[in-house]
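So the chains spell out like this:
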Amino acid sequence: MSQPLLLAESVSRNFGGLKALDQVSLHVSAGEILGLIGPNGAGKSTLFNCLAGSLPSSGGRIQFNGHEITRLGASRRARLGIARTFQLGKVFSTMTVKENVLAGLGIGAYGSFLRSVTGRVKGESELAQAREILDLFQLHDEAETLVATLPIGVQRRVESARAVATNPRLLLLDEPAAGLTHGEAESFAEIVRRVRARGITVVVIEHNMRFAMDLTDRLYVLVQGRIIAEGPPATVREDPDVVRAYLG
Amino acid sequence: MDAYLISVLTFIGIWIILAMSLNLLVGYAGQVSIGHAAFFGIGAYTVAVATVNLGLGFPLDILLAALVSGALGGVLGLPALRVRHDFLVLATIGINFIVVAVFQYTPALGGAYGIVGIPPVTIGGIEFLGLYMLLLVYAFVLAILALKALLLRTWFGVRLIAVREDEDAAAAIGISVASTKIWAFVLSCAGAGIAGALYARQLGSVFPENFGFVESVTVLTMVVLGGAGTLVGPIIGAIILGGLPEYLRFIQDWRYVIYGLMLTFLMIFERDGLMGPESRLRAWLGRGWRTLAADRGSGKP
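Residues numbered from 1 in each chain as written. Chains lettered and ligands numbered in written order. Predicted model: local features only at pLDDT ≥ 70, side-chain atom pairs only at ≥ 80, totals over all residues. Heavy atoms only, no water.

Draft legend 1. Fine view of the sheet that holds strand β9 (residues 218-223) of chain A. All names here are of chain A. A sheet is described by the order of its strands in space; here six strands give the open sequence β6-β7-β8-β3-β9-β10, paired in mixed fashion. Edge positions in the sheet fall to β6 (82-84) and β10 (226-231), since each of these pairs with one other strand and no more. Mean inter-strand twist for the sheet, computed between neighbouring axes without regard to direction, equals 20°. Sheet topology note: the strand β3 (residues 33-37)/strand β8 (residues 201-205) ladder contains four bridges and is parallel. Counted as the bridge partner of Gly35 is Val204 from β8. In the packing of helix α1 (residues 44-52) onto the sheet, contacts are made with β3, β6, β7 (170-174), β8 and β9, and the angle to β7 comes to roughly 150°. Across the sheet, helix α6 (residues 152-165) lies against β6 and β7, angled at about 165° from β7, the strand it touches most. (Pairing = 2+ DSSP bridges. Helix = DSSP H or I, 4+ residues; strand = E, 2+ residues; numbered from the N terminus. Axes fitted to C-alpha atoms, helices over the stretch in contact; angles between N-to-C directions. Contact = heavy atoms within 4.5 Å.)

Right, here's the structure in full:
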């Protein structure tokens, strides 16, 4: 097997006495759509935060694309190619939809003060790229709309579009289908497949089992901060531990 | 023009620069500071020392003031990386008190007597007093306004607003929140330094009490009143709060009460300020303008 794109080894995270993550090890291969499922409070979002660098892990190590990233902060990891969305959605609400996407496109300029003060935001090539991403996420009609005025479902798409605009190697989606109707979730799954077709590897946290089973190539099941099962959706669904964890 | 009017307009121009510089920090980067007068003072004292003790001329003195204020702003902005917003406000107040105390108790800075005898700006043998100084100050206003408008169109402008909107989301698209905040402090304080430099040159003297907490509150009120995060807001705020007290004596006596009331009422009724995107005044002006324009159109025979 080739070198995995992301490798987490025995990653732990404690909050006081609580072990939110207990020695979690996982790998993500380039090109796959990986699912991360588990009941509420299992530590899925905490794991995302540790992988993306918004929370330091209490133990273990993380490698990405051959780099040791365990000690890097979130913005450094983003610049290396890890993009993400947040469970509750974090958009720049006073910007328009297009400006949110443009903000993602600026990633190459954010590393240094000099580069960020010399680059113009609305150059020809940026606007063309933004248009293309807005099309991919079916946001062209809302391009000039202030994000704050849009329904939550659309805001989630804006957030994902902004993440894809950073041209990442790996995209972490935290419950993208939460609050979407069945039809909206279907169409979002289609978008995720097209994102993968651009060469972006995707890890998705999902509560909606049907959505996760349909979309992903492989699943990890996280329960109480530990991984209890891993494999293709069809296998995981039959796993007695998983059935017990989900059905009590 | 009447010399008094010229002097009032000159000081308003200086307030505009100060308010614009604070707006970069408060309105765009979202870092509330009630200690901005400290950097105004650092700029003024730098020019005082540079001209009186070192014999430096224009524009080197102002450049030096911008550099010193900007650098100290970056250093004193470091607490902003460690504390939450409400604590940052307290930290900036603390910085203001410390800086004033340094002015007050450093013999080399004249202590409580300040530094007097700062010469006016001289260019090509012409002393910039009165109208000349007024024009010089407004040249700076225009230059800084233009620079700020340009800066906001760059990726750095995106960095500022992204950090203001959501630090986690900003970091997720590769923006270093810490360095963005530090640069916002550096640029904002450098702007305050320029305002202070012009102030020292205009007034000819500097005293510790000119740069206290009350001045910080005043400039913050200008920004909030006009509309934080807008280009014209701080200008409007500085004109209103910088100009009114000069002509309405009772405002001068009651100004702290009035500023306090203004801040309170703004926070309740018009949080975006007079020129903010959600402002009632702006909507009302817009409506009035549209009505006028429509009337003019339909009024044709």
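Draft legend 2. Region of the structure containing the domain arrangement of chain A. Residues and elements named next belong to chain A. Looking at chain A, the domain boundaries give domain 1 (1-81 + 168-248) and domain 2 (96-167). Taking the mean C-alpha position of each, domain 1 and domain 2 sit 24 Å from one another. Residue-level contacts link 17 residues of domain 1 with 16 residues of domain 2. Summing both sides of the interface, domain 1 and domain 2 together bury roughly 1,300 Å²; the carbon and sulfur share of this comes to 61%. Linking domain 1 to domain 2 there are one salt bridge. In this structure, the salt-bridge partner of Glu132 is Arg198, at a minimum N-O distance of 2.9 Å. (Domains from an automatic or database assignment. Buried area = accessible area lost by both parts, 1.4 Å probe. Salt bridge = Lys/Arg side-chain N within 4 Å of Asp/Glu carboxyl O.)

Draft legend 3. Highlighting a nonpolar patch on the surface. Residues and elements named next belong to chain B. A contiguous nonpolar patch, built from Tyr4, Leu244, Tyr247, Leu248, Phe250, Trp254, Val257, Leu261, Phe265, Met267, Ile268 and Phe269 and spanning about 1,200 Å² of accessible area, is present on the exposed surface. Those elements giving two or more residues to the nonpolar patch turn out to be α11 (233-247) and α12 (249-269). At eight residues, the largest contribution of residues to the nonpolar patch is made by α12. Among the structural elements, Leu248 can be located in the loop between α11 and α12. (Patch = residues over 30% accessible without salt bridge, like charges linked within 9 Å, V, L, I, M, F, W, Y side chains within 5 Å. Areas by Shrake-Rupley, 256 points an atom, 1.4 Å probe, with all protein chains shown as cover.)

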